[in-house]
Amino acid sequence: MPVNDAHRHLGVLPAYPFYGGPAVHPDLGARATIDELIADLDAEGTERALVIPNYGVPDPKIAFSFNELCVEAAQRDDRIRAGLWVSPLERDAERTAKALNLAAEPGVRALKLSFLLGGRPTDPACRPGLDRIFATAREHDLVVHVHTSPGAASDIDEVGTLVEHYGDDVKVHLVHFGGGMSGHIKLVGSRFFDWIAAGKQVYTDLSWAIGFAPRWLAAEVDRRGIGGDRILFASDEPWGDQAGEYARLAAAAGDGELAELVFRGTFDKLYG
């Protein structure tokens, strides 16, 4: 089955001593060049991909430095769409302004937010930056692509406030479906479907999802009759595993209408 990938990264990070250990390169599949990225897409059979700057090392200027590379990739190959790294932090305001100036470039389809490198969705100091980012997304019909993971500033209790505040007229893609047990249960249990019913433009992918979550989400989509067009496949390469992510989601989605939406249709709507 041809696949569209709604979340993968481009750029090689320096080694870093994470958690007080030795300097390491955990993202073994990171790609430095567009040629390497295209070779991966060809080998996987990936038809289209949203490509975002690689990040993880706690130095935001590195992530910002890959924005132009992602834009170049999107303009070189029609299979690729670019996401731009942005930040609501005042210390990153100049870099974010430069990134937002690229929003109208051909191939740009998303703005990437992650609070792993600082800030908090509910911090009043971040509100002016968030307003600028979401205003740019609204102006250019871009998706705001937001990392989620359990606890701290990336918890769905925090990131969900962005859906509530901006989701009426800006598309918000919640990466990793809450990012863990608590997020999965909060989202499948009600919150994801409540947002959809309320008219919020919320989307998600199941990269990093715990095994039960794709099955439960697919069952709830079937039971409730909504939400099937809000779920995307994402590999999160090189931090995820394309083959493993595909196998887990394919087993949950089956081979009917839901699979068509998850692996192709919804990507085409948002990013195609």
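Everything that follows concerns the structure shown earlier in this document.
Keep in mind it's a predicted model, so treat the numbers as computed, not measured.

Novice: Help me get a handle on the nonpolar core, residues and values and all.
Specialist: Ranked by size, the top nonpolar core spans 70 residues in total, and within it Leu 113, Phe 134, Leu 162 and Leu 217 carry the most contacts. Tallying contributions element by element places helix α7 (residues 181-197) first for this core, with 6 residues. Residues in contact with Leu 113, not counting those within four places in the same chain, are Val 86, Ser 87, Pro 88, Leu 130, Ile 133, Phe 134, Val 144, His 145, Val 146, His 147 and Leu 162. One finds Tyr 203, Leu 232, Leu 270 and Tyr 271 within the second-largest nonpolar core, a separate group that totals 10 residues.

Novice: Please provide a residue-by-residue account of the pairing of strand β5 (residues 143-147), values included.
Specialist: For β5, the buried fraction is high: 5 of the 5 residues fall into the buried class. Along β5, one buried face is formed by Val 143, His 145 and His 147 and the opposite face, lined by Val 144 and Val 146, is buried too. In terms of strand pairing, strand β4 (residues 108-113) meets β5 through 4 bridges, oriented parallel. Note that in β5 the partner of Ala 110 across the bridge is Val 143. In this fold, β4 hands off to helix α5 (residues 127-140), which returns the chain to β5; that crossover is right-handed. Pairing of β5 with strand β6 (residues 171-175) involves 5 bridges; the strand directions are parallel. Within β6, the position partnered with His 147 by the bridge is Val 175. Following the backbone out of β5, through helix α6 (residues 156-166) and into the adjacent parallel β6, one traces a crossover that is right-handed.

Novice: An account of the sheet that holds β5 is requested, with residue identities and associated values reported.
Specialist: Sheet architecture is open: 8 strands sit in the order β1-β2-β3-β4-β5-β6-β7-β8, paired in parallel fashion. Taken across any chain shown, the strands that pair with only one partner, and hence form the sheet edges, are β1 (3-10) and β8 (231-232). When strand β7 (residues 202-205) meets β8, the two strands line up parallel, connected through 2 bridges. What sits directly across from Thr 204, in β8, is Ile 231.

Novice: Give me the lowdown on a nonpolar patch on the surface, citing residues and values where you can.
Specialist: Taken together, the side chains of Met 181, Ile 185 and Ile 210 define a hydrophobic patch exposed on the protein surface, amounting to about 250 Å² of accessible area. Locating Ile 210 in the fold gives a position in the loop between β7 and α8 (212-224). Given a relative accessible area of 33%, Ile 210 falls into the partly exposed group.

Novice: Lay out the pairing of strand β3 (residues 80-85) in plain terms, naming residues and giving numbers.
Specialist: When you tally the buried positions in β3, you get 6 out of 6 residues, the bulk of the element. The two faces of β3 match: Ile 80, Ala 82 and Leu 84 on one face and Arg 81, Gly 83 and Trp 85 on the other face are all buried. Pairing analysis gives 3 bridges linking strand β2 (residues 46-53) to β3, with the strands arranged parallel. When the bridges of β3 are listed, Val 51 appears paired with Ala 82. Looking at chain direction, β3 and β4 are connected through 4 bridges and run parallel. Counted as the bridge partner of Gly 83 is Ala 110 from β4. Once the chain exits β3 it traverses helix α4 (residues 93-100) before rejoining the sheet at β4, and the crossover so formed is right-handed.

What counts as what
Residues numbered from 1 in each chain as written. Predicted model: local features only at pLDDT ≥ 70, side-chain atom pairs only at ≥ 80, totals over all residues. Heavy atoms only, no water. Core = buried A, V, L, I, M, F, W, Y, C linked by side-chain atoms within 4.5 Å. Buried < 20%, exposed > 50% of the residue type's maximum accessible area, 1.4 Å probe, protein only. Helix = DSSP H or I, 4+ residues; strand = E, 2+ residues; numbered from the N terminus. Contact = heavy atoms within 4.5 Å. Pairing = 2+ DSSP bridges. Right-handed = clockwise from strand over helix to strand, strands pointing away. Patch = residues over 30% accessible without salt bridge, like charges linked within 9 Å, V, L, I, M, F, W, Y side chains within 5 Å. Areas by Shrake-Rupley, 256 points an atom, 1.4 Å probe, with all protein chains shown as cover. Salt bridge = Lys/Arg side-chain N within 4 Å of Asp/Glu carboxyl O.

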